[in-house]
Amino acid sequence: MKKISNYIAGKHCEPHNNEYIDNVDPATGEVYSLIPNSSSEDIEKAVLASQEAFPLWSSMGIEKRSAILMNVADKIESRLEEFITAESKDNGKPLSLARNVDIPRAISNFRFFATSILHFSSESHYMEGVGINYTTRKPIGIVGCISPWNLPLYLFSWKIAPALAAGNCVIAKPSEVTPYTAYLLSTVLEEAGVPAGVLNIVHGLGTKSGDAIVKHPKIKAISFTGGTQTGAYIAKTAAPMFKKLSLELGGKNPNIIFADCDFDEMLKTTVRSSFANQGQICLCGSRILIEKSIYQKFKLAFIEKLKRHKVSFPTDPESRMGAVVSKGHMQKVLSCIELAKKEGGEVIFGGNQIKMSAPYDNGFYIEPTVIEGLPYNCKTNQEEIFGPVVTIMPFETEEEAIQIANSTEYGLATTIWSNDLKRAHRVADTVHAGIIWINAWLIRDLRTPFGGVKSSGVGREGGWEALRFFTEPKNIFIKH
Ligand code: NDP
């Protein structure tokens, strides 16, 4: 069976303790590779390698660093099919999604930050008659990047690329549930010209190798994407060491639909915003709020569309939804559906596990699920499910829609559908969220700030925000 290796100091290596964890194919439920169960000794080795590499990498000049990161993108692109197939197999997502979204976006992340760094500039502040301040922005040193399983290489590279572009050395841990494309990335680094020790990829459990990254005193910043509870633990652990923290956490995003919207476009997009990647995107709209006058029309049309939304194994070209990421996650999502029923919700579409025929009969498939009749403040409407489950709720007034939208502890993204732009702006201005789409969903410009408010996180990624996070500003004043 294929054994994935760690990549430390420019070398593929076994974990210190020689222990491995099973890596399961969600489409079949079979173990298909083994990943290192790394420990604090492996993190220590990665820190030593980073310390050695930092002087060279941080001082090599932005043109050279930029060219190397462009090479990384090119190397991934030259093995495109291999990366696409690996991402789909590891995560359970349709091959078409890995082809159209995940891997192209990972390539873009490297190209985007490789070129951004060429244009990144620091500030100066002139004080009339007094003097001038200028600010330098230097790399932090060694930084830790920890990413989740839902968009594996996409989110891994979204952190690594700006960290490296800014001149830091990185110790990165992908989710233990989806390690494969991070491993493939480690196989292109040497050829792309990344010096040994600059990017170290250490695999393993969050509670062991992830925790060792967060606790290591020489790792000065942590960029984390994952669940809110894990984020709270990381903040508690890292804060007394005064580490810089960027936390991208959970969401319970509202999708607010007014009667005057372009119905067909809204419907088509709402199917995607509800169920893309099996509902496992932090930006998916899991609470659909519909103006009362079109509630019945929406409900019937939505269900009609879902009847044609095929759930199938990831390599089926007709598959619109694949497997959810793991057996544990499938059981969690199914238990959330049971809770919704106990809370008085009516499942008006889906609600069940799907048993596929062999060889996919042990895979983790769930029907797209729609639930109605629940109050906005019940657990189902307040807690993140992160699966193919949405609730639908009618509202009568704009104020009511905003009140429901803002009722959760989260504040990541909101989608608003209306052709009354004055109203759309008003609602956008009032809802608690870091990201708003009006008459659209998941259109991303990598220059824009990305992140949430309340329990959805601290800090922003993307564009200059990411480069600012991964650099330390120093202000210098000179008197006239
Ligand atoms: P987790 O919080 O369980 O894990 C995220 C990463 O952190 C994984 O690599 C995990 O390793 C690691 N980890 C777990 N425990 C620790 C620890 N104590 N110390 C250090 N690292 C740790 O999240 P999931 O992987 O389940 O991802 C789903 C969550 O991510 C959802 O809540 C979703 O909303 C959120 N998310 C947020 C996004 C955003 O931009 N705001 C984007 C995408 C997802 P391991 O896998 O081994 O446990």
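Because the structure is a prediction, the values reported are computed rather than measured.

Structural notes on the pattern of salt bridges
Applying the stated criterion to the full structure yields 20 salt bridges. The shortest N-O distance in the salt bridge between aspartate 25 and lysine 89 comes to 3.1 Å. Taken together, the residues span a long stretch of sequence, with aspartate 25 in strand 4 (residues 20-25) and lysine 89 in helix 3 (residues 80-91) at a distance of 64 residues. By relative accessible area, which is 6% here, aspartate 25 ends up buried. A residue is classified by how much of its surface remains accessible, and lysine 89, at 36% relative accessible area, is partly exposed. In this structure, the salt-bridge partner of glutamate 82 is arginine 79, at a minimum N-O distance of 2.8 Å. Residue arginine 79 is classed as partly exposed on the basis of its relative accessible area, which comes to 24%. Look at the salt bridges and you will find they share partners, linking Asp74, Glu77 and Arg111 into a network.

With respect to the sheet that holds strand 6 (residues 124-127)
Across the sheet, three strands lie side by side as 6-7-23; this open sheet has antiparallel pairing. If you trace the sheet from one side to the other, it starts and ends with strand 6 and strand 23 (471-479), each paired once. Across this sheet, the average inter-strand angle for adjacent strands is 15°, counted without regard to direction. Here strand 7 (residues 131-139) pairs with strand 23 via nine bridges, running antiparallel. In the strand pairing of strand 23, glycine 131 is matched with lysine 479.

Regarding helix 12 (residues 327-342)
Taking 1.5 Å per residue, 16 residues should reach 22 Å; helix 12 reaches 23 Å between its end C-alpha atoms and fits that length. When helix 12 is considered as a whole, its buried residues turn out to be His329, Met330, Val333, Leu334, Cys336, Ile337 and Ala340. Viewed end-on, helix 12 has its buried residues packed into an arc of 150°, placing them on one side of the element. Looking at the packing, one finds that the buried side of helix 12 touches strand 15 (346-349), strand 16 (353-354), strand 17 (365-366), strand 18 (369-372), helix 13 (379-382) and strand 19 (389-395). Of the residues one or two after helix 12, glycine 344 is the one with positive phi, at around 100°.

A word on the packing of aromatic side chains
This model, assessed by the stated rule, comprises 12 aromatic pairs. Ring plane angle 85° and centroid distance 4.9 Å describe the contact between phenylalanine 112 and phenylalanine 113, whose orientation is recorded as edge-to-face. Taken individually, phenylalanine 112 and phenylalanine 113 each receive the classification buried, so the pair is uniform in this respect. With centroids separated by 5.7 Å and ring planes inclined at 80°, the aromatic side chains of tyrosine 180 and tyrosine 183 adopt a geometry described as edge-to-face. Here the residue tyrosine 180 and the residue tyrosine 183 both occupy positions in helix 6 (residues 180-186), the gap between them amounting to three residues, near one helical turn.

Conventions adopted
- Residues numbered from 1 in each chain as written.
- Predicted model: local features only at pLDDT ≥ 70, side-chain atom pairs only at ≥ 80, totals over all residues.
- Heavy atoms only, no water.
- Salt bridge = Lys/Arg side-chain N within 4 Å of Asp/Glu carboxyl O.
- Helix = DSSP H or I, 4+ residues; strand = E, 2+ residues; numbered from the N terminus.
- Buried < 20%, exposed > 50% of the residue type's maximum accessible area, 1.4 Å probe, protein only.
- Pairing = 2+ DSSP bridges.
- Axes fitted to C-alpha atoms, helices over the stretch in contact; angles between N-to-C directions.
- Expected span 1.5 Å × (residues − 1).
- Arc of directions from axis to C-beta.
- Contact = heavy atoms within 4.5 Å.
- Phe/Tyr/Trp six-rings, centres within 6.5 Å; stacked < 30°, edge-to-face > 60°.

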